Amino acid sequence: MKRFGIWALLALACLATAQKDDTIVTINGKEIKADEYYKEMEFLPGVGKRIENTIIEFPPGLLALDKIITDRLTLQLAEEKGIKISDAEIQDERTRLIGEDPQVLKVWLEGGRTEEQFLYSLRVGIAKFKIQTFGITVTDQEVKQHYDTYPSRFTSPKRYALRVIVVETEEQKKSVEADLKSGKTFGDVAEARSEDVSKLNKGSMGVLPVTSLGEDLKAALGKLKEGERTEWLPAFGLEAMFLVEKILPEAKLPLDDKLKRDLRRSLMLDRGRVKNDVNAEMRKIRTKANIKITNPEFAAAYEAYIKRYLEPAQP
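A quick note: this is a predicted structure, and the numbers were derived from the prediction, not measured.

## Some remarks on the packing of helix α7 (residues 140-149) against helix α11 (residues 257-275)
Phase 1 of the analysis: For the pair α7 and α11, the least separation of the axes is 10 Å and the interaxial angle reads 95 degrees. Regarding the angle of α7 to α11, the classification is roughly perpendicular. Judged by residue contacts, Asp140, Glu142, Val143, His146 and Tyr147 of α7 engage Leu259, Lys260, Leu263, Arg264, Leu267 and Arg271 from α11.

Okay, here's the thing in structure tokens:
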């Protein structure tokens, strides 16, 4: 899936706040209003949702309605089960997420959504976790035992910080080699000569685990020390040279507070999937719910959607 840059997110935020009579775009002097834009977006084709192992196409407007309905029903199911979600829990989750990624709320707000919506999404997420893990307890001793029993699961593989230069022709290879021989840095040569998009960052590929590398590259890097570079290697019809900037050895992750929390949640979810049939519970509460969709097309589509894809399979 392609990622939007920050400017694209800001543009989408502006569209999200447009009123129906606002002009979204002008084409050869003809104005396109927000109302037309929203109606087009509601029924935009080619948008889908994964149902088991299949991607099924649905209108975006229907998918949005389904998410709103599902979130509300999730909170209602939590309430029926006596699950409490305090404001303090939500604030703790907010603090945790921002501590792990200081940009998470900033990106959310720049996407045109409010902090109130952010906190609501946290409430729904907490409810889903508590429903799935209802009646499940994992002790500190069980967390430690799992950590000690499966050390490979908590070990970071050997990693390489790499830069790359990619070329197409023999002439380009000779130019690169001449530049490097003259004393120019690998990064400067990558920026000037490489055909890869990484040239925008002087050829940097970041830090890559050895498990993500192809066999040829893995074998070539295994012979090198920090600061050394490979010979030219074939790469999708082109040729590439890599510089090893840093080698990070295999290391076992410490059982700190974050890993304890993540491991506890993982174990709880694993056990919860066996004990609690959340899909069946959601089907039951959805069946009981009095859902009225005013748009007749969406109402009919939603009814068919529920009947075909969310009802339990018939024996």
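## Quick notes on unusual backbone geometry
Phase 1 of the analysis: Of note in the backbone geometry, Lys202 takes a positive phi value of approximately 55 degrees without being a glycine.
Phase 2 of the analysis: In this fold, Lys202 is placed in the loop between α9 (186-193) and β7 (204-209).

## Examining α11
Phase 1 of the analysis: Look at α11: 27 Å from first C-alpha to last across 19 residues, which is about the 27 Å you get at 1.5 Å a residue.
Phase 2 of the analysis: Taken residue by residue, α11 has Leu259, Leu263, Leu267, Met268 and Gly272 as its buried positions.

## Digging into the packing of aromatic side chains
Phase 1 of the analysis: Applying the stated criterion across every chain, the model contains 2 aromatic pairs.
Phase 2 of the analysis: Where Tyr147 meets Phe154, the ring centres are 5.4 Å apart and the plane angle is 40 degrees; that geometry is what we call tilted. Accessibility classification places Tyr147 together with Phe154 in one group, the buried group.
Phase 3 of the analysis: Sitting above the plane of the Phe134 ring, Lys81 keeps its charged end 4.3 Å from the centroid.
Phase 4 of the analysis: A cation over a ring is seen here: Lys252 above Tyr147, with NZ or CZ 4.3 Å from the ring centre.

## Focus on the pairing of strand β6 (residues 159-167)
Phase 1 of the analysis: Burial of β6 is extensive: 8 of the 9 residues sit out of reach of the surface.
Phase 2 of the analysis: Bridging between β6 and β7 involves 5 bridges; their strand directions are antiparallel. Each residue of the ladder has a partner; that of Arg163, found in β7, is Ser204.
Phase 3 of the analysis: As defined by bridge partners, β6 adjoins strand β9 (residues 238-248) across 9 bridges and the pair is classed as antiparallel. What sits directly across from Leu162, in β9, is Val244.

## Looking at the sheet that holds β9
Within a sheet, adjacent strands bond to each other through the backbone by hydrogen bonds, running parallel or antiparallel.
Phase 1 of the analysis: Overall, antiparallel pairing links the 4 strands, which are arranged β7-β6-β9-β8 in an open sheet. Of all the strands in the sheet, the pair left with one neighbour each is β7 and β8 (233-235). Here the strands of the sheet are splayed against their neighbours by 45 degrees on average, with no regard to which way each runs.
Phase 2 of the analysis: Where helix α8 (residues 170-181) meets the sheet, its contacts fall on β6 and β9, and the angle it forms with β6 comes to roughly 125 degrees.

## Details of the pattern of salt bridges
Phase 1 of the analysis: Under the defined criterion, the tally for this structure stands at 25 salt bridges.
Phase 2 of the analysis: When the shortest N-O distance is used, the salt bridge between Glu245 and Arg163 registers 2.7 Å. Placement of Glu245 in strand β9 and of Arg163 in strand β6 is noted, with a sequence separation of 82 residues between them.
Phase 3 of the analysis: Residue classification places Glu245 among the partly exposed residues on the basis of a relative accessible area of 35%.
Phase 4 of the analysis: When its relative accessible area of 18% is taken as the criterion, Arg163 is described as buried.
Phase 5 of the analysis: Here Asp179 ties to Arg193 by a salt bridge, and the two come within 2.8 Å at their closest N and O atoms. With Asp179 in helix α8 and Arg193 in helix α9, this pair connects stretches of sequence that are 14 residues apart.
Phase 6 of the analysis: Residue classification places Asp179 among the buried positions, given a relative accessible area of 10%.
Phase 7 of the analysis: Taking relative accessible area as the criterion, Arg193 reaches 35% and is therefore assigned partly exposed.
Phase 8 of the analysis: Here the salt bridges do not stand alone but share partners, grouping Glu93, Arg96, Glu100, Lys258, Arg261 and Asp262 into one network.

## Looking at the environment of Val25
Phase 1 of the analysis: Mapped onto the elements of the fold, Val25 is located in strand β1 (residues 23-27).
Phase 2 of the analysis: We classify Val25 as partly exposed; its relative accessible area is 38%.
Phase 3 of the analysis: Discounting residues that sit within four places of it in the chain, Val25 has contacts with Lys30, Glu31 and Ile32.

## Things to note about the side chain of Asn276
Phase 1 of the analysis: Tracing the sequence through the fold places Asn276 in the loop between α11 and α12 (278-288).
Phase 2 of the analysis: Side-chain polar atoms of Asn276 contact the backbone oxygen of Gln132, separated by 2.9 Å.
Phase 3 of the analysis: Sequence-distant contacts of Asn276, that is, excluding residues within four places in its chain, are made with Ile131, Gln132, Thr133 and Phe134.

About the criteria used
- Residues numbered from 1 in each chain as written.
- Predicted model: local features only at pLDDT ≥ 70, side-chain atom pairs only at ≥ 80, totals over all residues.
- Heavy atoms only, no water.
- Axes fitted to C-alpha atoms, helices over the stretch in contact; angles between N-to-C directions.
- Helix = DSSP H or I, 4+ residues; strand = E, 2+ residues; numbered from the N terminus.
- Parallel < 35°, antiparallel > 145°, perpendicular 65-115°, else oblique.
- Contact = heavy atoms within 4.5 Å.
- Expected span 1.5 Å × (residues − 1).
- Buried < 20%, exposed > 50% of the residue type's maximum accessible area, 1.4 Å probe, protein only.
- Phe/Tyr/Trp six-rings, centres within 6.5 Å; stacked < 30°, edge-to-face > 60°.
- Lys NZ or Arg CZ within 6 Å of the ring centre and 35° of its normal.
- Pairing = 2+ DSSP bridges.
- Salt bridge = Lys/Arg side-chain N within 4 Å of Asp/Glu carboxyl O.
- Polar contact = N/O pair within 3.5 Å; in protein donor to acceptor, adjacent residues only side chain to side chain.

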